[in-house]
Amino acid sequence: MLLAIDVGNSHTVLGLFDDELLVEHWRVSTEARRTADEWAVVLHGLIGGSSIIGSGEVHGISLCCSVPSVQHEMREMFRRHFGDVPAVIVEPGVKTGVPVRMDNPKEVGSDRIVNALAAVQQYGGPAVVVDFGTATTFDAVSAKGEYVGGAIAPGIDISVEALSRRGAQLHMVELVKPRSVVAKNTTEALRSGIVFGFAGQVDGIVDRMAQELTDDADDVTVVATGGLAPMVVDECETVDVHEPWLTLIGLRLVYERNS
């Protein structure tokens, strides 16, 4: 089986693939100070506790990482604890099959390239991927499968935390769908602004990207992913597909291209 690891700024998502089927998945916090040995304990604990698979059945590893210090520890963990398991780390020089049409291709996060690959393979191009993570990222993919650019906006959690810190009479709220846009109390007003505000942001940026990608915006497939997507995706008029495991699928595809 293949172990796919997507290390984000706030959370790390792990998944086990049996061929093309995702059979197990986990979500843990990303701790920048966690050592290689500590990461090994986490991985062996998750895999060993699974009723589906034992740790000895991992035959390959695919990793993308947005945190350089964590990538260093992951690389060391692979060497010390999974030395006989082939590992692919998505970084410059690794074959993805996605041409990057950017001023400096090395600036593009590996997770965004992986998402673009998965979107094209699953749904075809042109496409826009909206990833709801620490930041909300928008990635534009051409009809030829090229990564042509994107946009980055503050993520939902970051925005909520900033609002509660700077607003004297505002507080943290559980992010659930509000009863209506016109709220009758402060808690509902915060939820309304967050959920419908971010949905409007997504629709606005996606519409503009679609117009730049092609003459017929209806040809563009919009794919939503990321841990915070369920909070707002149902309110987004432009989203065609919600694929929570898009990055893990992309990691599987990258591994297949490089193994």
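Scroll up to find the structure this text is about.
Bear in mind that the values here come from a model prediction, so they are computed numbers and not experimental data. Residue numbers here run from 1 along each chain, matching the order of that chain's written sequence. Per-residue local features of the predicted model are confined to residues with pLDDT of at least 70, and side-chain atom pairs are confined, for both listing and counting, to 80 or more; whole-chain, interface and lining totals are unaffected and use all residues. Just so you know, side-chain values use all the structure's heavy atoms and leave hydrogens and water out.

Undergrad: For the environment of Ser51, give the residues involved together with the corresponding values.
TA: For Ser51, the location among the structural elements is in the loop between α1 (36-48) and β4 (60-65). Relative accessibility thresholds used throughout: buried, under 20% of the residue-type maximum; exposed, over 50%; partly exposed, between the two (1.4 Å probe, protein chains only). Owing to a relative accessible area of 77%, Ser51 belongs among the exposed residues under this scheme. The way it works is that DSSP assigns letters per residue, a run of H or I at least four long becomes a helix, a run of E at least two long becomes a strand, and they are numbered from the N terminus.

Undergrad: Break down the side chain of Ser192 for me, citing the residues and quoting the values.
TA: Tracing the sequence through the fold places Ser192 in helix α5 (residues 186-213). Working rule for contacts: check all heavy atoms of both residues, and any pair within 4.5 Å makes them a contact. Once residues lying within four places of it in the same chain are set aside, the contact partners of Ser192 are Pro178, Ser180, Val181 and Gly197.

Undergrad: Explain the packing of helix α3 (residues 110-123) against helix α7 (residues 246-258) to me, using residue names and the numbers behind them.
TA: Helix axes are fitted to C-alpha atoms over the stretch in contact, other axes to C-alpha atoms as well, and angles between N-to-C directions run from 0 to 180 degrees. Between α3 and α7, whose axes approach to 8 Å, the crossing angle comes to 90 degrees. When the axis of α3 is compared with that of α7, the two are roughly perpendicular. Counting all contacts with α3, which are made through Asp111, Val114, Asn115, Leu117, Ala118, Ala119, Gln121 and Gln122, the residues of α7 involved are Leu246, Thr247, Ile249, Gly250, Leu251, Leu253, Val254 and Arg257. Each angle is binned into one of four classes, with values under 35 degrees roughly parallel, values over 145 roughly antiparallel, values of 65 to 115 roughly perpendicular, and all other values oblique.

Undergrad: Which residues make up the sheet that holds strand β7 (residues 135-141), and what values do they have?
TA: Hydrogen bonding along the main chain pairs the strands of a sheet, whether they run parallel or antiparallel. At least two DSSP bridges between two strands are needed for those strands to be called paired. Here we have five strands laid out as an open sheet, ordered β8-β7-β6-β9-β10, and mixed in their pairing. Two strands bound the open sheet, and with one partner strand each, they are β8 (147-154) and β10 (241-242). Here β7 pairs with β8 via seven bridges, running antiparallel. Each residue of the ladder has a partner; that of Asp139, found in β8, is Gly150. The strands that α5 touches are β6 (127-132), β7, β8 and β9 (221-225); relative to β7, the one it contacts most, it runs at about 20 degrees.

Undergrad: Mind laying out the sheet that holds β4, listing which residues take part and the relevant values?
TA: What the five strands build is an open sheet, ordered β3-β2-β1-β4-β5; its pairing is mixed. The open sheet is flanked by β3 (21-29) and β5 (87-89), the only strands paired with a single partner. Averaged over all adjacent pairs, the angle separating strand axes in this sheet is 15 degrees, with direction ignored. As paired strands, strand β1 (residues 2-7) and β4 are joined by six bridges and run parallel to one another. Within the sheet, the bridge partner assigned to Ile5 lies in β4 and is Leu63. The strands that α1 touches are β1, β2 (11-18) and β3; relative to β3, the one it contacts most, it runs at about 140 degrees. Helix α2 (residues 68-81) rests against β1, β4 and β5 of the sheet, and its axis sits at about 170 degrees to β4.

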